[in-house]
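# Structure assessment
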Amino acid sequence: MARIVQKFGGSSVANAERIFRVAKIITDAYAKGNEMCVVLSAQGDTTDDLIAKAEEINPNASKREMDMLLACGEQMSIALMAMAIEKLGYPVVSLCGWQVGMNTSSTHSFARIKKVTCERVKEELDKKRIVLVAGFQGVDKYGDVTTLGRGGSDTTAVAMAIALQADLCQIFTDVDGVYDRDPRRYPEARRFGRLSYEAMLALIEGGAQVLHDRSVLLAREHGLTIEVLSAFTGAPGTLVG
Ligand code: ADP
Ligand code: ASP
Ligand code: MG
């Protein structure tokens, strides 16, 4: 039995069919006897759509209210995924950032994780439930909702893996690993089987958005290996670290 943290990005949960595909990945791992804590992003373009909605109302909205709005995307994903997993007949619970003790600074729209208590997550894992965690969001010392910056769900996953002392941290996305350049733009791009934190950070600095920079910095600080793999192919991915 292993304790596994998985994260699925927005394209992996973009519609009902994809939600069920991911639900199957999660429940297959659970059925093998593993403890599963799964971080989800907002579906597809939801975050961009929410930003557009805000701009329609007030282009100068405060960052606090923007965080309040954008956090809804991830909350939708975890609730919908929980419903799919319920339908497959497995025990599951979805939790927001504040419920998992994702404590952050008050820098709205770019908050830093300060501490992850995750008591509730441990309790739920002890009850043999699959735990779904809303990515990208946290709570500050005033009890206000914060967000971690675009792409921040990767950092949520790494923070959860560290706090839970997970055996595996798997970041599922729409490509089958990390390449030397964007494989969508360059068909000749070459995939890494493994690469160092430094090499990954250099790629990110060069514009590779496949991982949130802070997720790699956090993983490096704690010596956590991240596996980046496809939510669609089942092929082995890239190990970072
Ligand atoms: P998610 O929604 O799963 O978080 P992202 O869109 O944030 O996914 O990251 C995955 C995307 O990163 C891929 O679709 C790919 O086009 C892009 N990408 C850019 N550079 C790289 C690279 N060097 N290796 C892999 N993917 C890359
Ligand atoms: N939903 C957020 C974004 O689109 C966070 C994430 O996907 O990681 O940036
Ligand atoms: Mg991303």
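Everything discussed here concerns the structure shown above.
Residues numbered from 1 in each chain as written. Chains lettered and ligands numbered in written order. Predicted model: local features only at pLDDT ≥ 70, side-chain atom pairs only at ≥ 80, totals over all residues. Heavy atoms only, no water.

## Details of the packing of helix H2 (residues 46-57) against helix H3 (residues 63-87)
Rules: To get an axis, fit a line to the C-alpha atoms, keeping to the stretch in contact for a helix; angles then go from 0 to 180 degrees between the N-to-C directions. Runs of H or I in DSSP of at least four residues are treated as helices and runs of E of at least two as strands, each being numbered from the N terminus. Take the far helix as your reference; a near helix turned counterclockwise from it by less than a right angle gives a left-handed crossing, and one turned clockwise gives a right-handed crossing. Between two residues, a contact is recorded if the distance between any of their heavy atoms is within 4.5 Å. Each residue gets one label: Ala, Val, Leu, Ile, Met, Phe, Trp, Tyr, Cys and Pro are nonpolar, Asp, Glu, Lys and Arg are charged, and the others, such as Gly, are polar.
Packing of H2 against H3 leaves a shortest axis separation of 9 Å and a crossing angle of 145°. Seen from above, H2 lies across H3 with right-handed handedness. Between H2, through Thr 46, Thr 47, Leu 50, Ile 51 and Ala 54, and H3, the contact on the second element is made entirely by Met 66, Leu 69, Leu 70 and Gly 73. Broken down by class, the residue content of the contact of H2 with H3 amounts to six nonpolar, three polar and no charged.

## Focus: the pattern of salt bridges
For the record, the criterion: Every case where a carboxyl oxygen of Asp or Glu lies within 4 Å of a side-chain nitrogen of Lys or Arg is listed as a salt bridge. A 1.4 Å probe rolled over the protein chains alone gives each residue an accessible area, and that area as a share of the maximum for its type sets the label: buried under 20%, exposed over 50%, partly exposed in between.
Within the structure shown, the criterion is met by 13 salt bridges. Residue Arg 3 is joined to Glu 35 by a salt bridge in which the shortest nitrogen-to-oxygen separation is 2.6 Å. Separated by 32 residues along the polypeptide, Arg 3 in strand S1 (residues 3-8) and Glu 35 in strand S2 (residues 35-40) bring together distant segments of the chain. The same class applies to Arg 3 as to Glu 35, namely buried. The salt bridge involving Arg 220 is made with Glu 198; its shortest N-O contact spans 2.9 Å. Of the two residues, Arg 220 sits in helix H7 (residues 213-222) while Glu 198 sits in helix H6 (residues 197-205), which places them 22 residues apart along the sequence. Linked by salt bridges that have partners in common, Arg 64, Glu 65 and Asp 144 make up one network.

## Quick word on the packing of aromatic side chains
How we decide: Stacked, edge-to-face and tilted are the three classes for Phe, Tyr and Trp ring pairs, Trp counted by its six-membered ring, which pair at centre distances within 6.5 Å; planes under 30 degrees apart are stacked, over 60 edge-to-face, the rest tilted. Note on criteria: charge over ring means Lys NZ or Arg CZ within 6 Å of the ring centre, with the direction from the centre no more than 35 degrees off the ring normal.
If you walk through the whole model with that rule in mind, you get two aromatic pairs. Aromatic pair Phe 8 and Phe 172: ring centres 4.5 Å apart, planes at 15°, arrangement stacked. Of the two residues, Phe 8 sits in strand S1 while Phe 172 sits in strand S9 (residues 168-173), which places them 164 residues apart along the sequence. Here Phe 8 matches Phe 172 in class, with each residue buried. Ring geometry for Tyr 30 versus Tyr 90: centroids 5.9 Å apart, planes at 90°, classification edge-to-face. Of the two residues, Tyr 30 sits in helix H1 (residues 16-31) while Tyr 90 sits in the loop between H3 and strand S3 (92-95), which places them 60 residues apart along the sequence. In this structure Tyr 90 comes out as partly exposed when scored by relative accessible area, which is 27%. Over the aromatic face of Phe 110 sits the side chain of Arg 214, whose NZ or CZ is 4.1 Å from the ring centroid.

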